[in-house]
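Okay, here's what each chain looks like letter by letter:
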Amino acid sequence: MDVILNNTPVGIGLFRDDGRRGLTVVYLNPAAIADSGQILGQNLYEALPYHNVVLPELGRSLRDLYSNILQTGQGQDIQFYFPSKEVTGWFETRVRRPKPGLILCVWRNITELMEGKIRDPLTGLYNRTYLKHRTFEPACLMFLDMDGFKRVNDTLGHDAGDQLLKDIANRLRRTIPKEHTIVRMGGDEFAVLLRTADEQTVWSLALSVIESLKKPFLLANHTVLLTTACGLVACNTRFSQAMRNVDLAMYASKREGRRSAHETGGTPMWYTAAMGAEYEDDQAILDLLKRRIAAREVYLDYQPIVSLQEPENPTCAADFPIVGYEALARMNDHKGKPVSPGRFVGVAEKHGLITSLTLLTLEIACEQCKALNALPNLPRPLKISVNLSGQDINNPRLLTGIESILNRAGIQPRLISFEITESVIPNPIAAKQVIQQIYDNLGDTGLDDLATGGGTLELMFILPLKFLKIDQLFVRNELQSVAPMIAMGHSKGLAVICEGIETLEAALVLRENRAEMGQGYFFSRPMSAEVMMDFWRT
């Protein structure tokens, strides 16, 4: 037996429970001594402090694990990574209680076996599995996301995309000191585990990384520019929590970059408690929204759209005839209080629920449109418009969903129109194909929030449209700038609707500048379906 114990490459240790003092080392075989040194007779936790380190995959330290096994007698087989100064590497360990008061550990170093599982084969960097076992204190985590990678894959091919990832990895290697660990998380996402908790050092390094990635990449004789978002977090939590937090910080960096119009890189963002609170609030709204959509408990308000040109000498809101309505999604919380549309629509877009919300809105609007236009003695057919998000345009469910809903509703053609939000059309060329099918076969299409998204001229020339809606911010605050926008729409043969009209004076100025239609609190606030129907019944 001694021959076997002395020659096995597996480490074997026997430790005695000495109460509050902890575990005392009573036996180590040669392989164990090679790993930990000759500590026979010493306190295990004092001789090898890494036993007190919380391991991410266990959620506790080995010391806590041993204490639990001493109490319960239930052994465990575990696999973990030690990131300590004394021992570094992957270990597979079997822990047992051979009799009360004793702990038997049998372990082997499996670092070489793990290499194939923890390396990204394309870039040679460590992968997400490795990072999951490496989070330790003191440390900070940097998370990088490069926008523009998918465009390279789509236009230059996957070989060019692979080369771009290699080039990114090489730039990170040149920029980041060797004591830190670079990780490819997947796709175009990278992380850096920094062996420092000094915020100024981390911030300076993050700026250096962004500056490095701003420089053009040359691929197949094409120059490629990427936009980099960067999130930062101190690693004082478990891996899953740290990743959630740094992901929130990265998205904050991405939003800040878009607001600041950075072309190739934004500002790094530290995770804050406010981001965590917003995330928790988002999750609550997301859960509520899922239930409301599933139960068909979303409801619609309708805001009138009026003709500005028909009345001869208008002197009050009632002189402007109603020609249609915009359908606006609404939702109540558990107490029956309205949830801000800006909040729940934003959450729907962020979490991939927007098309489900859009199609439900369309379905309810079609039912209401049919009932509205079935009323006797209407002066004209009344249209209802429904909003489409840029994410809707990219969703393959959209066209079949719209067609199915319109067919089931059985309403007259063109009574439903679609308002497309300018600021959220990510790829106008690709969007044109989808919008063209809607325009040709399903309903009139218009550009909403004109001049708030920065791509007005491009979209007007690319997208098939029937009308434009000028954003209320311009109507309310910069009325003098609206006339050129109206003229621009007319030059393309488009009808113009002005939002946010709050006074007769504004309505008359827009009328004088030949805007066809208007919408705003001067004419009416959004109203329930019941109020809308009662108005036309009387």
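Caption draft 1: Highlighting the overall build of the chain. The helix and strand tally for the chain stands at 21 helices and 22 strands. The C-alpha atoms of the chain give 32 Å as radius of gyration, which overshoots the globular expectation for 538 residues (24 Å, by more than 25%). When its C-alpha atoms are laid out on the principal axes, the chain stretches across 105 × 55 × 40 Å. Counting only residues that meet the buried cut, the chain has 50% of its 538 residues in that class. Once local pairs closer than 6 in sequence are excluded, the contacts in the chain between residues at least 24 apart make up 65%. When the accessible surface of the chain is totalled, it reaches about 25,900 Å², and 50% of it is carbon and sulfur. Positive and negative charge centroids in the chain, built from 57 and 62 side chains respectively, lie 6 Å apart.

Caption draft 2: Inspection of the pattern of salt bridges at higher detail. Taken as a whole and assessed by the stated rule, the structure comprises 24 salt bridges. Arg-21 serves as the salt-bridge partner of Asp-18, at 3.9 Å between the closest nitrogen and oxygen. Residue Arg-296 is joined to Glu-367 by a salt bridge in which the shortest nitrogen-to-oxygen separation is 2.7 Å. In this pair, Arg-296 is assigned in the loop between α11 (273-294) and β14 (299-307) and Glu-367 in helix α13 (residues 354-373), connecting sequence segments 71 residues apart. Looking at Arg-296, the relative accessible area reads 37%, which means it is partly exposed. For Glu-367, a relative accessible area of 42% gives the class partly exposed. Here the residues in one salt-bridge network are Asp-281, Asp-282, Arg-343 and Lys-350, joined through shared partners.

Caption draft 3: Layout of the environment of Glu-280. Note on placement: Glu-280 falls in helix α11. For the pair Glu-280 and Ile-12, spaced 268 residues apart in sequence, the C-alpha separation works out to 46 Å.

Caption draft 4: Layout of the environment of Leu-286. Its place among the elements puts Leu-286 in helix α11. Taking the C-alpha atoms as reference points, Leu-286 and Asn-170, 116 residues apart in sequence, are found 39 Å from one another. Those residues in contact with Leu-286 that sit more than four places away from it in its chain are Val-347, His-351 and Leu-353.

Caption draft 5: Examining the nonpolar core more closely. Core analysis: the largest hydrophobic core is formed by 83 residues, its most contacted members being Tyr-325, Cys-498 and Ile-501. Tallying contributions element by element places α13 first for this core, with 10 residues. Core analysis: the second largest hydrophobic core is formed by 31 residues, Met-142, Leu-164, Val-209 and Trp-270 among them.

Caption draft 6: Representation of the state of the cysteines. Using the criterion set out here, one finds zero disulfides in the structure. Cysteine Cys-366 shares no disulfide, and the gap to the nearest cysteine sulfur, in Cys-369, comes to 6.9 Å. Cys-498 takes part in no disulfide bond, and the closest cysteine sulfur to it belongs to Cys-316, at a distance of 20 Å.

Caption draft 7: Focus on the packing of α11 against helix α12 (residues 341-350). Following both chains from N to C, one finds α11 and α12 inclined at 90 degrees, their axes separated by 9 Å at the closest point. Looking at the two axes, α11 sits roughly perpendicular to α12. Residue-level inspection shows Glu-278, Asp-281, Asp-282, Ile-285, Leu-286 and Leu-289 of α11 in contact with α12, the latter providing Arg-343, Phe-344, Val-347, Ala-348 and Lys-350. For the contact of α11 with α12, the residue count by class is six nonpolar, no polar and five charged.

Caption draft 8: Representation of the side chain of Ser-417 in the model. Locating Ser-417 in the fold gives a position in strand β17 (residues 416-421). When residues no more than four places from it in sequence are discounted, the contact partners of Ser-417 are Ile-384, Ser-385, Val-386, Asp-444 and Phe-467.

Caption draft 9: Spatial organisation of the sheet that holds strand β9 (residues 189-194). The six strands lie next to each other as β6-β8-β9-β7-β12-β13, forming an open sheet whose pairing is mixed. In this open sheet, the two edge strands, each paired with only one partner strand, are β6 (126-127) and β13 (269-270). For strand β8 (residues 181-186) and β9, the ladder comprises five bridges, and the chain directions are antiparallel. From the neighbouring strand, Arg-184 faces β9, where its bridge partner is Phe-190.

Caption draft 10: View of the pairing of β17. Burial analysis of β17 places six of its six residues in the buried class, which makes it a mostly covered element. Alternating residues of β17 divide into Ile-416, Phe-418 and Ile-420 and Ser-417, Glu-419 and Thr-421, and every residue in both groups is buried. Relative to β17, strand β16 (residues 383-388) is paired through five bridges, and the arrangement is parallel. Paired with Ser-385 across the bridge in β17 is Ser-417.

Caption draft 11: Fine view of the side chain of Arg-184. In this fold, Arg-184 is placed in strand β8. Arg-184 sits in the buried class, given a relative accessible area of 14%. Within the structure, Arg-184 has its side chain in polar contact with the side chain of Asp-120 (distance 3.2 Å). Looking at Arg-184, its side chain comes within polar contact range of the main-chain oxygen of Gly-187, at 3.2 Å. Not counting residues within four places of it along the chain, the set of residues in contact with Arg-184 comprises Asp-120, Leu-122, Thr-123, Leu-125, Tyr-126, Asn-127, Arg-128, Leu-165, Glu-189 and Phe-190.

Criteria and cut-off values
- Along each chain, numbering runs from 1 in the same order as the chain's sequence is written.
- Selection of residues for local features in this predicted model requires a pLDDT of at least 70, selection of side-chain atom pairs for listing and counting requires 80 or more, and totals for whole chains, interfaces and linings are taken over all residues.
- Note that water and hydrogens are dropped before the side-chain values are worked out from all heavy atoms of the structure.
- The helix and strand labels rest on DSSP assignments: H or I over at least four residues marks a helix, E over at least two residues marks a strand, and numbering proceeds from the N terminus.
- We compute the radius of gyration from the C-alpha atoms alone; for a globule the expected value is 2.2 Å times N to the 0.38, where N is the number of residues.
- To sort residues, take the accessible area from a 1.4 Å probe on protein chains only and compare it with the maximum for the residue type: under 20% means buried, over 50% means exposed, and anything in between is partly exposed.
- For this analysis, residues touch if any pair of their heavy atoms sits within 4.5 Å.
- For accessible areas, the Shrake-Rupley method is used with a probe of radius 1.4 Å. Any residue's cover is judged against the shown protein chains and nothing else.
- Counting rule applied: Lys, Arg positive; Asp, Glu negative; His and chain ends not counted.
- A single reference atom marks each charge: NZ on Lys, CZ on Arg, CG on Asp, CD on Glu.
- When a carboxyl oxygen of Asp or Glu lies within 4 Å of a side-chain nitrogen of Lys or Arg, that pair is called a salt bridge.
- Note on terminology: a nonpolar core comprises buried Ala, Val, Leu, Ile, Met, Phe, Trp, Tyr and Cys residues joined through side-chain atoms within 4.5 Å.
- A pair of cysteine sulfur atoms is labelled a disulfide when the two atoms are within 2.5 Å.
- Axes here mean lines fitted to C-alpha atoms, for a helix over just the part in contact, with angles spanning 0 to 180 degrees between N-to-C directions.
- The labels follow the angle: roughly parallel below 35 degrees, roughly antiparallel above 145, roughly perpendicular from 65 to 115, and oblique for the rest.
- When residues are sorted by character, Ala, Val, Leu, Ile, Met, Phe, Trp, Tyr, Cys and Pro go into the nonpolar class, Asp, Glu, Lys and Arg into the charged class, and all the rest, Gly among them, into the polar class.
- Here a strand pair is declared whenever DSSP counts at least two bridges between the two strands.
- Two N or O atoms form a polar contact when they lie within 3.5 Å of each other; inside protein one atom must be a possible hydrogen donor and the other a possible acceptor, and for residues adjacent in sequence the pair counts only when both atoms belong to side chains.

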